[in-house]
Amino acid sequence: MLKQCQENEVQLLKVHGDEEFLPFEKNTFDLVVSSLSLHWVNDLPGTFHQVLSCLKPDGAFVGAMFSGDTLFELRCALQIAEMEREGGFAAHVSPFTEMRDIGNLLTRAGYSLTTIDSDEISVGYPSMFELMHDLKGMGENGASRTRKNILHRDTLQAATAIYKEMYGLEEGGIPATFQILYFIGWKPSPTQQKPSDRGSATRSLADLDTLDSLDDMTSADDKKTT
């Protein structure tokens, strides 16, 4: 991937590193971006701390990662097929971090002004085998040390039928769901915006639908006073 990253007029420094052991000094970057790699990190809290350390004050950490319900169809089909054919099941799809957990981890690591959002992308495939072929090509096949190394042929055939029966598309084929979680966190800085003090609000959320009329009344009172 580093070799395929073509250089242009912007000077680049290519580093083959590890997210869990970042080789950068403190206060180095204005921005750190991570795209769909953090689901392979074993120590997310440690990685978040290291990214925070190498950011400059008021620097931003922007990321996207697979989460939650990613590939839930494949997971369910394999589990049911193994239960039917082998009397038990093993994990063949890696676990993914939940949206609520990322917010807590960012806050505990020391980030401020955090924002989190998510999106679901459904990709159609002719069958489960094409999906598994694509996952292998993406380098996203299971890598757990305790994973089951063998999937019997009859179990795979049963899983394919179960997948199509439970989640098959009307026009044919099957869907594969990828849930993408997006987040941004900032390294604290004295120049950042600060939340207002508790109790300093001049309007109530209960009056949200009448704010326009309240603002008009306030403007009229100001004119009378003037």
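Residues numbered from 1 in each chain as written. Predicted model: local features only at pLDDT ≥ 70, side-chain atom pairs only at ≥ 80, totals over all residues. Heavy atoms only, no water.

**Thoughts on the packing of aromatic side chains**
In total, this model carries nine aromatic pairs according to the counting rule given. Seen in terms of ring centroids, F24 and F29 are 4.9 Å apart; in terms of plane orientation they differ by 80 degrees. Their pairing is edge-to-face. On the accessibility criterion, F24 (34% relative accessible area) is partly exposed. Note on F48 and F61: the rings are 5.8 Å apart at their centroids and 70 degrees apart in plane angle, and the pair reads as edge-to-face. Within this pair, whereas F48 is found in helix α1 (residues 44-54), its partner F61 is found in strand β2 (residues 55-66), the two being separated by 13 residues in sequence. For the pair F48 and F61, a shared accessibility class is recorded, and that class is buried. Members of the aromatic cluster, each reached through a chain of ring pairs, are F48, F61, Y111 and F183. (Phe/Tyr/Trp six-rings, centres within 6.5 Å; stacked < 30°, edge-to-face > 60°. Buried < 20%, exposed > 50% of the residue type's maximum accessible area, 1.4 Å probe, protein only. Helix = DSSP H or I, 4+ residues; strand = E, 2+ residues; numbered from the N terminus.)

**A closer look at the packing of α1 against helix α3 (residues 99-109)**
Think of two packed helices as two axes; the pair is described by the angle between the axes and how far apart they sit. With their axes 9 Å apart at the nearest point, α1 and α3 run at an angle of 45 degrees to one another. Here α3 runs oblique to α1, going by the angle between their axes. Judged by the twist between their axes, the crossing of α1 over α3 is right-handed. In this structure, α1 contributes L44, P45, F48, H49 and L52 to the contact, and α3 contributes I102, L105, L106, R108 and A109. Class assignment of the residues belonging to the contact of α1 with α3 gives a composition of eight nonpolar, one polar and one charged. (Axes fitted to C-alpha atoms, helices over the stretch in contact; angles between N-to-C directions. Parallel < 35°, antiparallel > 145°, perpendicular 65-115°, else oblique. Left-handed = near helix turned anticlockwise from the far one by under 90°. Contact = heavy atoms within 4.5 Å. Nonpolar A, V, L, I, M, F, W, Y, C, P; charged D, E, K, R; others polar.)

**Remarks on the nonpolar core**
Of all hydrophobic cores here, the largest spans 23 residues; its most connected members are L71, L74, M128, L131, Y163, A176 and F178. When contributions to this core are tallied by element, the ones reaching two or more residues are β2, α2 (72-86), α4 (128-137), α5 (153-167) and β4 (174-186). Sequence-distant contacts of A176, that is, excluding residues within four places in its chain, are made with L71, E73, I121, S122, V123, Y125, L131 and Y163. (Core = buried A, V, L, I, M, F, W, Y, C linked by side-chain atoms within 4.5 Å.)

**Quick notes on the pairing of β4**
Among the 13 residues that make up β4, 10 are buried, leaving the element largely enclosed by the rest of the structure. The sheet contact formed by strand β3 (residues 112-125) and β4 spans 12 bridges and is antiparallel. Bridging across to β4, V123 finds its partner in A176. (Pairing = 2+ DSSP bridges.)

**Quick word on a negative patch on the surface**
A cluster of like negative charges, contributed by D69, E98, D101, D117, D119 and E120, occupies part of the molecular surface. Of all the elements, β3 adds the most residues to the negative patch, at three residues. Mapped onto the secondary structure, E98 falls in the loop between α2 and α3. (Patch = residues over 30% accessible without salt bridge, like charges linked within 9 Å, V, L, I, M, F, W, Y side chains within 5 Å. Areas by Shrake-Rupley, 256 points an atom, 1.4 Å probe, with all protein chains shown as cover. Salt bridge = Lys/Arg side-chain N within 4 Å of Asp/Glu carboxyl O. Lys, Arg positive; Asp, Glu negative; His and termini not counted. Charge placed at Lys NZ, Arg CZ, Asp CG, Glu CD.)

**A look at the packing of α2 against α5**
Where α2 contacts α5, the axes come no closer than 8 Å and their chain directions differ by 130 degrees. The orientation of α2 with respect to α5, classified from their angle, is oblique. Between α2 and α5 lies a crossing of right-handed hand. Along the contact surface, α2 presents F72, E73, L74, C76, A77, L78, I80, A81, E82, E84, R85 and E86, while α5 presents D154, T155, L156, A158, A159, I162, Y163, M166 and Y167. Broken down by class, the residue content of the contact of α2 with α5 amounts to 14 nonpolar, one polar and six charged.

**Examining a nonpolar patch on the surface**
A surface patch of nonpolar side chains, about 290 Å² in accessible area, is lined by L13, V15 and F24. Relative to the assigned elements, L13 resides in the segment before β1 (29-35). According to the relative accessible area criterion, L13 is exposed, its value standing at 75%.

**Focus: α3**
Of all the residues in α3, the buried ones are I102, G103, L105, L106 and A109. Angularly, the buried residues of α3 cover 165 degrees about the axis, an arc narrow enough to put them on a single face. Facing away from the buried side of α3 by more than 90 degrees, the exposed set consists of R100 and R108. On its buried side, α3 packs onto α1, β2, β3 and β4. A positive phi of about 115 degrees marks G110, the residue just after α3. (Arc of directions from axis to C-beta.)

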